[in-house]
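Results of the structural survey
Residue-level listing of the chains:
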Amino acid sequence: MSALTALVIDDDVDFRSSLELLVQREGFVVRTAGSVAEARERLSEIEPDVFLVDLTLPDGDGFAWLQQDPEARGGAEVVVITGSTSVDSAVDALRAGALDY
């Protein structure tokens, strides 16, 4: 059985690196991106089993991008990560299919 793959998408370099290490320790192969554009590039290299995606990226809302482009998401699970949380955004993300917020 091959290792599961995670794509971590967050514009905060330090947080992204920390999350990458944490997810690797759980046995995932991890790729990272700092923007929606970089995430699109990574998708040409890998097919993630899970996205850990920030809501606020320099070039858009990461979760909104995955909702609007189902081909990019494929069958992967999505976990929303954000430093600017609200009850409304949490409810919206979970209703739209995020695994966790």
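Before reading further, recall that the structure is shown in the block above.
Just so it is clear, the model here is predicted, and its values are computed rather than measured.

Thresholds, definitions, all that
- Residues numbered from 1 in each chain as written.
- Predicted model: local features only at pLDDT ≥ 70, side-chain atom pairs only at ≥ 80, totals over all residues.
- Heavy atoms only, no water.
- Core = buried A, V, L, I, M, F, W, Y, C linked by side-chain atoms within 4.5 Å.
- Buried < 20%, exposed > 50% of the residue type's maximum accessible area, 1.4 Å probe, protein only.
- Helix = DSSP H or I, 4+ residues; strand = E, 2+ residues; numbered from the N terminus.
- Contact = heavy atoms within 4.5 Å.
- Pairing = 2+ DSSP bridges.
- Axes fitted to C-alpha atoms, helices over the stretch in contact; angles between N-to-C directions.
- Phe/Tyr/Trp six-rings, centres within 6.5 Å; stacked < 30°, edge-to-face > 60°.
- Salt bridge = Lys/Arg side-chain N within 4 Å of Asp/Glu carboxyl O.

**A closer look at the nonpolar core**
- One finds Ile9, Phe51, Phe63, Trp65, Leu66, Val78 and Val80 to be the most contacted residues of the largest nonpolar core, which totals 19 residues.
- Per-element accounting of this core gives the leading share, 3 residues, to helix H3 (residues 62–68).
- In this structure valine 80 touches Val53, Leu55, Phe63, Ala93, Ala98, Asp100 and Tyr101, once residues within four positions along its chain are discounted.
- By size, the runner-up hydrophobic cluster in this structure holds 9 residues, among which are Leu19, Val30, Leu52 and Val79.

**A few points about the sheet that holds strand S3 (residues 50–54)**
- Taken together, 4 strands build an open sheet; the order of strands is S2-S1-S3-S4 and the sheet is parallel. With partners counted over all chains shown, the strands left at the sheet margins are strand S2 (29–33) and strand S4 (77–81), one partner each. Sheet twist, expressed as the average angle between the axes of neighbouring strands with direction ignored, equals 20 degrees.
- Direction of pairing for strand S1 (residues 5–9) relative to S3: parallel, over a ladder of 4 bridges. Each bridged residue has a counterpart across the sheet, and for isoleucine 9 the counterpart in S3 is valine 53.
- In the packing of helix H1 (residues 13–25) onto the sheet, contacts are made with S1, S2, S3 and S4, and the angle to S2 comes to roughly 165 degrees.

**Things to note about the packing of aromatic side chains**
- Tallied over the entire structure, the rule returns 1 aromatic pair.
- Taken together, a centroid distance of 6.4 Å and an interplanar angle of 90 degrees make the contact between phenylalanine 51 and tryptophan 65 edge-to-face. One end of the pair, phenylalanine 51, is in strand S3; the other, tryptophan 65, is in helix H3, with 14 residues separating them in the sequence.
- Judged by its relative accessible area of 0%, phenylalanine 51 is buried.
- Taking relative accessible area as the criterion, tryptophan 65 reaches 5% and is therefore assigned buried.

**Concerning the pattern of salt bridges**
- Under the counting rule described, the total for this entry stands at 2 salt bridges.
- With a closest N to O distance of 3.7 Å, glutamate 38 and arginine 42 form a salt bridge. Of this pair, glutamate 38 and arginine 42 both sit in helix H2 (residues 36–43), 4 residues apart, which is roughly one turn of the helix.
- Judged by its relative accessible area of 30%, glutamate 38 falls in the partly exposed class.
- A network of salt bridges, in which partner residues are shared, links Glu38, Glu41 and Arg42.

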